[in-house]
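Analysis of the macromolecular model
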Amino acid sequence: MARSAQTTPPPDAAARRGATAVVTYAVGQLPSFDAAFYNAARSEFTKISELIVPPRDARAFSVPAGHFFRIVSVEGPQVGDLNLWNAHDLSERFFSGKTRALHATHVSTGDRLWSTLPSLRPMATITHDTLDWYGWDDDGGGVHDVIGTRCDPYTNMLLKGTEYHHCCHSNLTRALAAERNIPLAQAEPLVHDVVNVFMCTGFTRDTHQYFMKASPVRPGDFIDLFAEIDLLGALSACPGGDCGASHSDDGARCYPLKVETYRPREGVLAGWHSPPPNRYSRTHGIA
């Protein structure tokens, strides 16, 4: 929102504002995206499972390390909210903030989805994206954001004063609880900030507020990800549909999404192994 300054600018205000912008993390030491390796792994892979995520709902799925999963638009423009966990330790989950800091506000082919501290390792690598042509639009918007959180019933209650049970947060909570046969109260704290798959978002140039606009996704579009570790995933078909007007209500036209899992052909991953957890000693300066 627009803010009115309450203090008089100091004499050197222009100089302070004119400080050189520096990219926070120099990522040159990270392993580069090996397109040849992932393309070879994608070639002649075999679909081993698929599931449909109904509109305004979520489903959980498992992906073994060294396999691919594909999120597909199947009937109409639809945004999906994606959560990822280490299948063997749900405390290790997708870390949107660090993924954003290491890559960008929106992710695409070649970017990795990083896990939470203390493991901080790639969980999945984006290997193909049929919307990579979109880039940045005139509003500064892009696709597949890691800046938004997820629509949730608490914010909905705060802003609208009504209960709505099909926000992505609730959908993901139900899906995780059902998949692991745990109570909702145990599942909910494990639900985390998402990859907003297919969602088109940005920040307004004047007030820097988070905005959304109609997704450019169309039936047949998809994004492929390679599981770097054994994954448990959950995907919510957002109640906002293409998120061009509203969310957290039943007003938008919504469509299902599909998740497909693929196994690479035998031998193509020879020599590959899952990345280990971060090597930091965790002593935090205490000998």
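Before any of the text, the structure's been laid out above.
To start, this report covers the structure provided alongside it. Fair warning: this is a prediction, and the values are worked out from it, not measured in the lab.

Here we look at the overall build of the protein chain
Helices and strands together make up the secondary structure of the protein chain, namely 6 helices and 13 strands. On C-alpha atoms alone, the protein chain measures out to a radius of gyration of 20 Å, which is about the 19 Å that the 2.2 N^0.38 rule sets for 287 residues. C-alpha extents for the protein chain along the principal axes are approximately 65 × 50 × 45 Å. When contacts within the protein chain are restricted to residue pairs at least 6 apart in sequence, those whose partners lie at least 24 apart make up 76%. Of the charged side chains in the protein chain, 26 are positive and 31 negative; the average position of the first set lies 3 Å away from that of the second.

Concerning unusual backbone geometry
Note the cis peptide between L117 and P118, where omega equals 5 degrees. Position of P118 among the secondary structure elements: in the loop between strand 6 (112-114) and strand 7 (122-129). With a phi angle near 60 degrees, E44 is a residue other than glycine that sits in the positive phi range. You can see E44 is positioned in the loop between helix 2 (35-42) and strand 1 (46-53). Taking relative accessible area as the criterion, E44 reaches 62% and is therefore assigned exposed.

What to know about the sheet that holds strand 13 (residues 257-263)
Read from one edge to the other, the open sheet built from 6 strands follows the order 1-13-3-11-7-6, with strand pairing classed as antiparallel. Of all strands in the sheet, those bounded by a partner on one side alone are strand 1 and strand 6. Sheet twist, expressed as the mean angle between neighbouring strand axes with direction ignored, is 25 degrees. With 3 bridges joining them, strand 6 and strand 7 adopt antiparallel strand pairing. Its bridge partner lying in strand 7, L113 is registered against A124.

Section: the pairing of strand 11 (residues 222-227)
Along strand 11, 6 of the 6 residues are buried, which leaves the element largely enclosed by surrounding structure. One ladder, built from 5 bridges, connects strand 3 (residues 68-73) with strand 11; its direction is antiparallel. Across the sheet, V72 pairs through a bridge with F222, a residue of strand 11. Of the pairings in the sheet, the one linking strand 7 to strand 11 comprises 5 bridges and is antiparallel in character. Along strand 11, the bridge assignment pairs H128 with D224.

Examining the environment of M199
Assignment of secondary structure puts M199 in strand 9 (residues 195-203). Residues M199 and M212, spaced 13 residues apart in sequence, show a C-alpha to C-alpha distance of 7.5 Å. Apart from residues no more than four positions distant in its own chain, M199 is found in contact with V79, G142, V143, H144, D145, Y210, M212 and C243.

Side note on the packing of aromatic side chains
Scanning the entire structure with this criterion turns up 11 aromatic pairs. With 5.5 Å between their ring centres and 50 degrees between their planes, F61 and F69 make a pair best called tilted. Accessibility assignment for this pair places F61 and F69 in one class, buried. Relative to W272, the ring of F226 has its centre 5.3 Å away and its plane inclined at 80 degrees; by these criteria the two rings are edge-to-face. One end of the pair, F226, is in strand 11; the other, W272, is in the segment after strand 13, with 46 residues separating them in the sequence. Clustering of aromatic rings is evident, with ring pairs tying together F33, F37, Y38, F45, F68, F226, Y262 and W272. Its guanidinium or amino end placed over the ring of F222, R70 lies 3.9 Å from that ring's centre, counting from NZ or CZ.

Regarding the pattern of salt bridges
In the structure shown here, the tally under the stated rule is 15 salt bridges. In this structure, the salt-bridge partner of E50 is K258, at a minimum N-O distance of 3.9 Å. With E50 in strand 1 and K258 in strand 13, this pair connects stretches of sequence that are 208 residues apart. The exposure class of E50 is partly exposed, given its relative accessible area of 44%.

Some thoughts on the nonpolar core
Judged by nonpolar contacts, the single largest core of 32 residues is most densely connected at F69, L82, L84 and L231. The greatest single-element share of this core, amounting to 4 residues, is contributed by strand 9. With sequence-adjacent residues up to four places away left out, L231 is seen in contact with F61, S62, V63, F69, L84, W85, A87, M123 and A124. Counting residues in hydrophobic clusters, the runner-up holds 16 residues, among them W85, I182, V191 and A234.

Quick notes on the rules
- Residues numbered from 1 in each chain as written.
- Predicted model: local features only at pLDDT ≥ 70, side-chain atom pairs only at ≥ 80, totals over all residues.
- Heavy atoms only, no water.
- Helix = DSSP H or I, 4+ residues; strand = E, 2+ residues; numbered from the N terminus.
- Rg over C-alpha atoms; globule rule 2.2 N^0.38 Å.
- Contact = heavy atoms within 4.5 Å.
- Lys, Arg positive; Asp, Glu negative; His and termini not counted.
- Charge placed at Lys NZ, Arg CZ, Asp CG, Glu CD.
- Buried < 20%, exposed > 50% of the residue type's maximum accessible area, 1.4 Å probe, protein only.
- Pairing = 2+ DSSP bridges.
- Axes fitted to C-alpha atoms, helices over the stretch in contact; angles between N-to-C directions.
- Phe/Tyr/Trp six-rings, centres within 6.5 Å; stacked < 30°, edge-to-face > 60°.
- Lys NZ or Arg CZ within 6 Å of the ring centre and 35° of its normal.
- Salt bridge = Lys/Arg side-chain N within 4 Å of Asp/Glu carboxyl O.
- Core = buried A, V, L, I, M, F, W, Y, C linked by side-chain atoms within 4.5 Å.

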